[in-house]
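Remarks on the overall topology
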Amino acid sequence: MNFTNSTTYIKVSDHSVSKEPFDLLFNEEYEILKTTPQPSLEKLPSYYESEDYISHTDSKRTLFEKAYHFVKANALKNKVNLISKLIPQKGTVLDIGSGTGDFLMTAKNKGWEIKGIEPNSKAKQIAISKGVVFEEALENIADNSIDVITMWHVLEHVPNLDEQFTQLKRIINPNGYIVIAVPNYKSFDAKYYKSFWAAYDVPRHLWHFSKTSIQKLSLDFDLQLEKVKPMWFDSFYVSLLSEKYKTGKMNFVKGFLIGFASNVVGLFKKEFSSHIYIIKNK
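Residues numbered from 1 in each chain as written. Predicted model: local features only at pLDDT ≥ 70, side-chain atom pairs only at ≥ 80, totals over all residues. Heavy atoms only, no water.

Bringing the sheet that holds strand β2 (residues 21-27) into the picture now. The antiparallel open sheet is built from four strands, whose spatial order is β1-β2-β3-β8. Strands at the two margins of the open sheet, each flanked by one partner only, are β1 (7-13) and β8 (207-208). Pairing of β2 with strand β3 (residues 32-36) involves five bridges; the strand directions are antiparallel. Counted as the bridge partner of aspartate 23 is threonine 36 from β3. (Pairing = 2+ DSSP bridges. Helix = DSSP H or I, 4+ residues; strand = E, 2+ residues; numbered from the N terminus.)

Quick look at the structure:
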């Protein structure tokens, strides 16, 4: 993807850690946004050093975190049901960006063989204590050995998209599936909150996807995008955080109303706060 002559789509700041400003550059062909400047690989981990980065902890300190984990428990069941419908006979699922391992343990309890990849050492240790088995890197995984690969809000964190898709294509079974969940910058809540939209989450989110982005990336690697599904609860979670960034306080009523409005608009425009992309290997 060429960003040499790209225009700035929007200017945003890191609201949760560094407060630094960033530009999001727009690639017209792929309809994808790129966070600029992108932190070096050495500096990038420092932007994750926050107790508020919920996916790396099992913390339930506040009402917001308790609500997050309540919704997460229901979402885990739905995610495992989704992959079980794709491969009814089960098999091996690789979850990239496993966090504290709850998705993989839920899948294991439903009969799946599990493997995980997680760069954050604290989250990884929590997952290991639960029984998750980890691979150190995608390069270590054998060709055509995985039935389902899942990336739940992970692809936006990956520095090199071409390299990532090359590895996904290599390790997935000929009839296997890749399930990718990412935020959608074309959603109503993204347009409403603009630079305060929490799902921009710069610079941890290096990329910002549309349906066109995922469609074209899939085709580039001889993969078939079969279906796009909404993530209904994401609009509420993202809107609550966006309210906090915009006003300095957690406005549950306003956040709920904007999240609800985003889902209603999504029913008509087919642009939800986050999408699940179900991609099949050809």
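From this point, the narrative continues.
Attention now goes to the packing of aromatic side chains. The description of an aromatic ring pair uses the distance of the two centres, along with the angle that the planes make with each other. For the coordinates displayed, the defined rule picks out 11 aromatic pairs. On the numbers, 4.8 Å between centres and 85° between planes, the contact of tyrosine 192 with tyrosine 193 is edge-to-face. On the basis of relative accessibility, which here comes to 29%, the residue tyrosine 192 falls in the partly exposed class. Of the residues examined, tyrosine 193 reaches a relative accessible area of 2% and is grouped as buried. Aromatic pair tryptophan 197 and tyrosine 200: ring centres 4.8 Å apart, planes at 85°, arrangement edge-to-face. Across this residue pair, the class does not change: tryptophan 197 and tyrosine 200 are buried. Taken together, Tyr9, Phe26 and Tyr185 form an aromatic cluster joined through their ring pairs. (Phe/Tyr/Trp six-rings, centres within 6.5 Å; stacked < 30°, edge-to-face > 60°. Buried < 20%, exposed > 50% of the residue type's maximum accessible area, 1.4 Å probe, protein only.)

Right, let's get into the sheet that holds strand β7 (residues 172-183). Strand pairing in a sheet relies on backbone hydrogen bonds. The paired strands run either parallel or antiparallel. Spatially, β5-β4-β6-β7-β10-β9 is the arrangement adopted by the six strands of the open sheet, whose pairing is mixed. Looking along the sheet, the strands with just one partner apiece sit at the ends: β5 (113-117) and β9 (223-230). Between one strand axis and the next, the sheet turns by 20° as a mean value, whatever way the strands run. Relative to β7, strand β6 (residues 146-152) is paired through six bridges, and the arrangement is parallel. In the sheet register, methionine 151 faces β7, and the bridge partner there is isoleucine 180. Relative to β7, helix α4 (residues 161-171) is tilted by about 145°, and along the sheet it contacts β4 (92-96), β6, β7, β9 and β10 (274-281). (Axes fitted to C-alpha atoms, helices over the stretch in contact; angles between N-to-C directions. Contact = heavy atoms within 4.5 Å.)

Quick look at unusual backbone geometry now. The residue after threonine 36, namely proline 37, is reached through a cis peptide bond having omega -5°. That bond from valine 202 to proline 203 is cis: its omega, -5°, falls within 30 degrees of zero. In this structure, proline 203 sits in the loop between α5 (188-193) and β8. Phi at asparagine 144 takes a positive value of approximately 50°, unusual for a residue other than glycine. Residue position: asparagine 144 is located in the loop between α3 (121-130) and β6. The phi dihedral of lysine 194 is positive, around 55°, even though this residue is not glycine. Within the secondary structure layout, lysine 194 lies in the loop between α5 and β8. The class for lysine 194 is exposed, based on a relative accessible area of 53%.

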